[in-house]
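# Remarks on the overall topology
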Amino acid sequence: MFFAWCDAVRRGSGRLVPRAVAACVLLSPLIAAAQATSGVPANPRWAAPTAVEWPTRDGGYTIPNFKFGSGETLPQLRLHYLTLGTPHRDAAGHVDNAVLLLHGTGGSASSLLAAQFSTMLFGPGQPLDITKYFLIFPDDIGHGKSSKPSDGLHMRFPKYDYDDMVAGQHQMLLDGLHVDHLRLILGTSMGCMQAFVWGETFPGFADALMPLACAPMPIAGRNRMMRYMVIHAIEDDPAWLGGDYTKEPVQGVRSAAELVFVMGSAPLYDQYLAPTRQEAEAYMDDYLAKRVPPLDANDTIYQFDASRNYDPSGHLDRIKVPVMWINSADDFINPPELGVGEKFAAKLARGKFVLIPISDATRGHGTHTQAAVWKDYLVELLRESEKK
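The rules behind the values
- Residues numbered from 1 in each chain as written.
- Predicted model: local features only at pLDDT ≥ 70, side-chain atom pairs only at ≥ 80, totals over all residues.
- Heavy atoms only, no water.
- Pairing = 2+ DSSP bridges.
- Helix = DSSP H or I, 4+ residues; strand = E, 2+ residues; numbered from the N terminus.
- Axes fitted to C-alpha atoms, helices over the stretch in contact; angles between N-to-C directions.
- Buried < 20%, exposed > 50% of the residue type's maximum accessible area, 1.4 Å probe, protein only.
- Contact = heavy atoms within 4.5 Å.
- Core = buried A, V, L, I, M, F, W, Y, C linked by side-chain atoms within 4.5 Å.
- Parallel < 35°, antiparallel > 145°, perpendicular 65-115°, else oblique.
- Left-handed = near helix turned anticlockwise from the far one by under 90°.
- Nonpolar A, V, L, I, M, F, W, Y, C, P; charged D, E, K, R; others polar.
- Polar contact = N/O pair within 3.5 Å; in protein donor to acceptor, adjacent residues only side chain to side chain.
- Disulfide = S-S within 2.5 Å.
- Right-handed = clockwise from strand over helix to strand, strands pointing away.
- 1 Å grid on protein atoms, 1.4 Å probe; cavity = no way out; pocket = protein on both sides within 12 Å on 5 of 7 lines; lining within 4 Å.
- Points joined across faces, edges and corners; volume = space filled by probe spheres on them.
- Salt bridge = Lys/Arg side-chain N within 4 Å of Asp/Glu carboxyl O.

For the rest of this paragraph, the subject is the sheet that holds strand β7 (residues 323-328). Across the sheet, which stays open at both edges, the eight strands sit in the order β1-β2-β4-β3-β5-β6-β7-β8 with mixed pairing between neighbours. Unpaired on one side and paired on the other, β1 (57-67) and β8 (351-356) mark the two borders of the sheet. Geometrically, the sheet is characterised by an average inter-axis angle of 20 degrees between neighbouring strands, direction not taken into account. In terms of strand pairing, strand β6 (residues 209-212) meets β7 through two bridges, oriented parallel. Paired with Leu209 across the two strands is Val323, which belongs to β7.

Here we come to the side chain of Thr367. Its place among the elements puts Thr367 in the loop between β8 and α13 (371-385). We classify Thr367 as buried; its relative accessible area is 4%. Aside from chain neighbours lying at most four places away, what touches Thr367 is Ser328, Asp330, Thr362, Val373 and Trp374.

Let us look at the nonpolar core. Counting residues in each nonpolar core, the largest one holds 72 residues, and the members touching the most others are Ile136, Ile141, Leu173, Val179, Leu182, Ile185 and Phe196. Tallying contributions element by element places helix α6 (residues 190-201) first for this core, with seven residues. With sequence-adjacent residues up to four places away left out, Leu173 is seen in contact with Leu100, Ile136, His178, Val179, Leu182, Trp198 and Phe205. Core analysis: the next-biggest nonpolar cluster, separate from the first, contains 31 residues, Leu82, Leu121, Leu212 and Leu381 among them.

Each pair of packed helices can be described by the angle between their axes along with the distance between the axes. Where helix α8 (residues 250-264) meets helix α10 (residues 277-291), the axes come as close as 10 Å, and the angle between the chain directions of the two elements is 120 degrees. The orientation of α8 relative to α10 falls into the category oblique. Taken as a pair, α8 and α10 cross one another with a handedness that is right-handed. Between α8, through Arg254, Ala257, Glu258 and Phe261, and α10, the contact on the second element is made entirely by Tyr283, Met284, Tyr287 and Leu288. In terms of residue class, the contact of α8 with α10 is built from six nonpolar, no polar and two charged.

A few words on helix α11 (residues 297-305). An α-helical segment advances 3.6 residues per turn. Residues three or four places apart therefore align on the same side. Judged by how many residues are buried, α11 sits mostly within the fold: eight of nine residues are covered. Every buried residue belonging to α11 is among Ala297, Asn298, Asp299, Thr300, Ile301, Tyr302, Gln303 and Phe304, and all of these are buried. If you follow the buried residues of α11, they end up packed against α7 (221-235) and α8. Its side-chain oxygen placed 3.1 Å from the backbone nitrogen of Asn298, Asp296 serves as the N-cap of α11.

Enumeration according to the criterion identifies one disulfide in this entry. Each sulfur in the disulfide pair Cys192 and Cys214 lies 2.0 Å from the other. Across the disulfide from Cys192 to Cys214, rotation about the S-S bond amounts to roughly -65 degrees, and the bridge is consequently left-handed. Placement of the pair is Cys192 in helix α6 and Cys214 in the loop between β6 and α7, with a sequence separation of 22 residues. Side by side, Cys192 and Cys214 carry an identical accessibility label, which is buried.

By the criterion of burial, strand β3 (residues 98-102) is predominantly enclosed, with five of the five residues buried. Neither face of β3 is left uncovered, since the one carrying Ala98, Leu100 and Leu102 and the one carrying Val99 and Leu101 both have all their residues buried. Where β3 and strand β4 (residues 134-138) come together, three bridges link them in parallel fashion. In the strand pairing of β4, Val99 is matched with Leu135. Between β3 and its parallel partner β4, the chain crosses via helix α4 (residues 115-121), and the hand of that crossover is right-handed.

Interhelical geometry of α7 versus α8 gives an angle of 165 degrees and a closest axis separation of 7 Å. Taken as axis vectors, α7 and α8 run roughly antiparallel relative to one another. Handedness of the α7/α8 crossing: left-handed. In this structure, α7 uses Met226, Arg227, Met229, Val230, Ala233 and Ile234 to contact α8, whose residues at the interface are Gly252, Val253, Ser255, Ala256, Leu259, Val260, Val262 and Met263. Among the residues making up the contact of α7 with α8, the classes are represented as eleven nonpolar, two polar and one charged.

It is worth spelling out the layout of surface pockets at this point. Taken as a whole, the second largest pocket encloses approximately 330 Å³ of empty space. Lining the second largest pocket we find 17 residues, and of these Lys132, Tyr133, Arg183, Leu382 and Glu386 sit closest to its centre. Tallied by class, residues from the lining of the second largest pocket come to five nonpolar, four polar and eight charged.

Attention now goes to the pattern of salt bridges. Opposite charge on two side chains allows them to pair when their charged atoms are near. Within this structure, the stated rule accounts for ten salt bridges. The salt bridge partner of Lys387 is Asp207, with a shortest N-O separation of 3.9 Å. Placement of Lys387 in the segment after α13 and of Asp207 in the loop between α6 and β6 is noted, with a sequence separation of 180 residues between them. Note on Asp207: relative accessible area 13%, which makes it buried. Put simply, Lys290 and Asp286 hold a salt bridge, and the shortest N to O gap is 3.2 Å. Of this pair, Lys290 and Asp286 both sit in helix α10, four residues apart, which is roughly one turn of the helix.

Here is the structure:
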């Protein structure tokens, strides 16, 4: 009977649906175990929470003559962000409740408003309760409403990297939002890597770091191979025209989107979504029909190449604050067989590495936004880093 109730909740029937969904998600491991012994087929699709309209506020800050690590300069670097909650200032006038939330490659400030992330974290009594914390969601350089190649410079846009992104975020916080300290930096995928860059570039700026779905090492091996294929899928399309196209090189962009799907895929979940050939093909047709049209070819190239020189591995000893680093065992981009978690966690003064086992609740690389899976670790991190 409980299985049927949760399935009804997933479909949106009944009252108090958000709370009911949260309960179902939190109990999903128990439900899956019970279903396995009861003969009821496990089905993770019912666990999707209902979307919530959060009262975000738009913001923006423009940095004049921003100099990139490449030596290039942009006369005006426009940085867009969203915020939730209200900044609180201590007796000295410093904001003491700010949390920086960093999105992944190709994402935007709104990515972490996704229901599976936000409804588990931002509500009353939840770990990042917006009545308690001031949440800041930047659009990174090259993403969302921030400055990017598609604004007009195309492939003449400065060749930004993760160091530039973090430098821009830092200046935006200081001069735009007047925030000189963070309670927490939480980043997913690309944002995960930026969390490590933050930790070693601006030691102590944040009380704690929570990197989700990455590794503090150079992007090489299969990870770089896949990114390289994404870039060349676009550049090898004759319609790309060296980046000066007037019409999107659709075939190249479509091929890039297909590769990105594979990078983020989770075999167990995908089998549930599409248990037949017809369903699998229909799913991909729908996925590409939705994902390809909004993409810009040059923006995509820059986004996937920005990691080219990422390597915080040599300076992890600079990070003295608590770090809760979490990956999932079904992450195709960061496979556990590389053994990097154990290796690099040992270099962190107060670091903990957690590998989430594969289950109906994980989503491959996308487990980074399945907050129900790892929110207890966030609670632990906040408790550990709380000032006495």
